[in-house]
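# Architecture at a glance
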Amino acid sequence: MTHSDIPPIRLLPGRERRAKAGHPWIFSNEVATGASTKTLVPGGLVQVEGDDGSRLGLYQYNPHSLIAGRRLSRDPEAAAGPGFWRERLASALALRERLRDGPYYRLAHAEADGLPGLVLDRYGDVLALQANTAGMELATPDILAALRDLLPLRAVVARNDASVRGLEGLPQEVRLLMGEDARATVEEGGVAFSVDPLGGQKTGWFYDQRDNRARVAALSRGQTVLDAFCHTGGFGLQAAKAGASEVTLLDRSEHALATARETAERNGLADRVAYRRGEAMESLEALAAEGRQFGVVVSDPPAFAKTRKDHGPALRAYARLARLSARLVAPGGILFIASCSHHVGTGEFTDAVVEGLGRARRDGRILGIFGAGPDHPVHPALPESAYLKGVLLHLS
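Since we're looking at a predicted model, the values are computed, not measured.

Here we come to the sheet that holds strand β9 (residues 155-160). If you walk across this open sheet you meet the five strands as β6-β7-β8-β9-β10, and the pairing is mixed. Whereas interior strands pair on both sides, the edge strands pair on one side only; in this sheet they are β6 (104-109) and β10 (173-178). With direction set aside, neighbouring strand axes in the sheet form an average angle of 20 degrees. Pairing between β6 and strand β7 (residues 118-123): five bridges, direction antiparallel. Pairing of His 109 across the sheet is with Val 119, part of β7. Contacting β6 and β7, helix α3 (residues 82-99) runs over the sheet at an angle of about 145 degrees to β6.

Laid out in structure tokens, this is it:
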């Protein structure tokens, strides 16, 4: 599509202020809709104009979504052809190669990389791709071609099973876009982890906690460690590699624990790792009833607040989790507790953790409050995209 082929849409009077200030989204109630806008292909390209005729840039537009427009470029002359996608992905790749050693990282993080709705996780020669918007769904063939040109790829998996796709009118699916075998490994903290982008959770690995896993591992030498909501054992197995005397991995997923067991055996860590399958909250209660305590406890649950209406119940759940987790920390031990709910702010999450400590009658000190690693950059106009927060504590 050439620039002259891209249809314009106009914003309502007084509704262009946020866009002019740099916000990357246009909401449906900001658009002067008409017969022409309603017939636009979901995810297609549009030129957005202010009510005063000012040209605000190139956007992907979905007339059926609350977030109707997502900006690709401020340049009103831009046209998102194959070269555009290659240039944008090459820029994201160059940044990751400056930030990280080795081919294991989040390669693209949506709006912050100028790729709204697109998430790419790299596992060496395997990529997991999430196209969470109609625009990125349409652009996937060009994106895949650019990725194949930029990287030596063996397989690419479409992990298009996020619930947010439903808001865009898209189906959920998981399938191979390229290759035949998507099994992969991630090398982190001296451990080669087994990763299953087709069958695991999300894209198969949680790169956002990479730096926090290193912090916890550094505090685990000679300690007993509990890794609750462990997924495939990222925290616990790195702690074992760092010299933990004993590690217990707790998760409800048999598939995740089996993958963790495979990693432990392959890396010579199996003799120090135990596995416990069950719902984490109930299992934490049971461990306390057994009188168990650990030198290091990690509680890294899935999001408790998936929507705004979950906000209040989520804060209560985080306070409960902190209470249960703190009871299992030996005197002088370490607790790391995290939230990936972007509907819960860092301050209120920390307050909930402190409330839980009080209910557990435990005193402590905060050693640090941390977010995601730098390969998960935050768009300056979207502070809500800084979703991850983790509190590291020393308990007396």
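Right, let's get into the UniProt feature "domain: RlmI-like PUA" (unreviewed entry) in the protein chain. Feature annotation in UniProt places "domain: RlmI-like PUA" (unreviewed entry) on residues 9-74, given in this structure's numbering. End-to-end, the C-alpha atoms of residues 9-74 are 15 Å apart, and along that stretch the chain is 14% helix and 38% strand.

Attention shifts here to the packing of helix α8 (residues 280-289) against helix α9 (residues 311-327). It is the contact of α8 with α9, at a shortest axis distance of 9 Å, that shows an interaxial angle of 30 degrees. It follows that α8 is roughly parallel to α9 by the angle criterion. Read as a crossing pair, α8 and α9 show a hand that is left-handed. Contact residues: α8 offers Met 281, Leu 284, Glu 285 and Ala 288, while α9 offers Ala 317, Arg 320, Leu 321, Arg 323, Leu 324, Ser 325 and Arg 327.

What follows is about α3. The terminal C-alpha atoms of α3 lie 26 Å apart, and with 18 residues this matches the ideal 26 Å at 1.5 Å per residue to within 8%. Residues of α3 that are buried: Phe 84, Trp 85, Arg 88, Leu 89, Ala 92, Leu 93 and Arg 96. Seen end-on, α3 carries its buried residues on one side only, within an arc spanning 160 degrees. Exposed and oriented more than 90 degrees from the buried face of α3 are Gly 83, Glu 87 and Arg 98.

As a further point, take the side chain of Thr 140. Along the polypeptide, Thr 140 turns up in helix α4 (residues 134-150). Judged by relative accessible area, Thr 140 falls into the buried class, the value being 12%. Here Met 136 takes part through its backbone oxygen, which lies 2.7 Å from a polar atom of the side chain of Thr 140. Apart from residues lying up to four places away in sequence, Thr 140 is in contact with Leu 129, Ala 131 and Leu 177.

About the criteria used
- Residues numbered from 1 in each chain as written.
- Predicted model: local features only at pLDDT ≥ 70, side-chain atom pairs only at ≥ 80, totals over all residues.
- Heavy atoms only, no water.
- Pairing = 2+ DSSP bridges.
- Helix = DSSP H or I, 4+ residues; strand = E, 2+ residues; numbered from the N terminus.
- Axes fitted to C-alpha atoms, helices over the stretch in contact; angles between N-to-C directions.
- Contact = heavy atoms within 4.5 Å.
- UniProt positions renumbered as here; feature names shortened; annotations may be inferred.
- Parallel < 35°, antiparallel > 145°, perpendicular 65-115°, else oblique.
- Left-handed = near helix turned anticlockwise from the far one by under 90°.
- Expected span 1.5 Å × (residues − 1).
- Buried < 20%, exposed > 50% of the residue type's maximum accessible area, 1.4 Å probe, protein only.
- Arc of directions from axis to C-beta.
- Polar contact = N/O pair within 3.5 Å; in protein donor to acceptor, adjacent residues only side chain to side chain.

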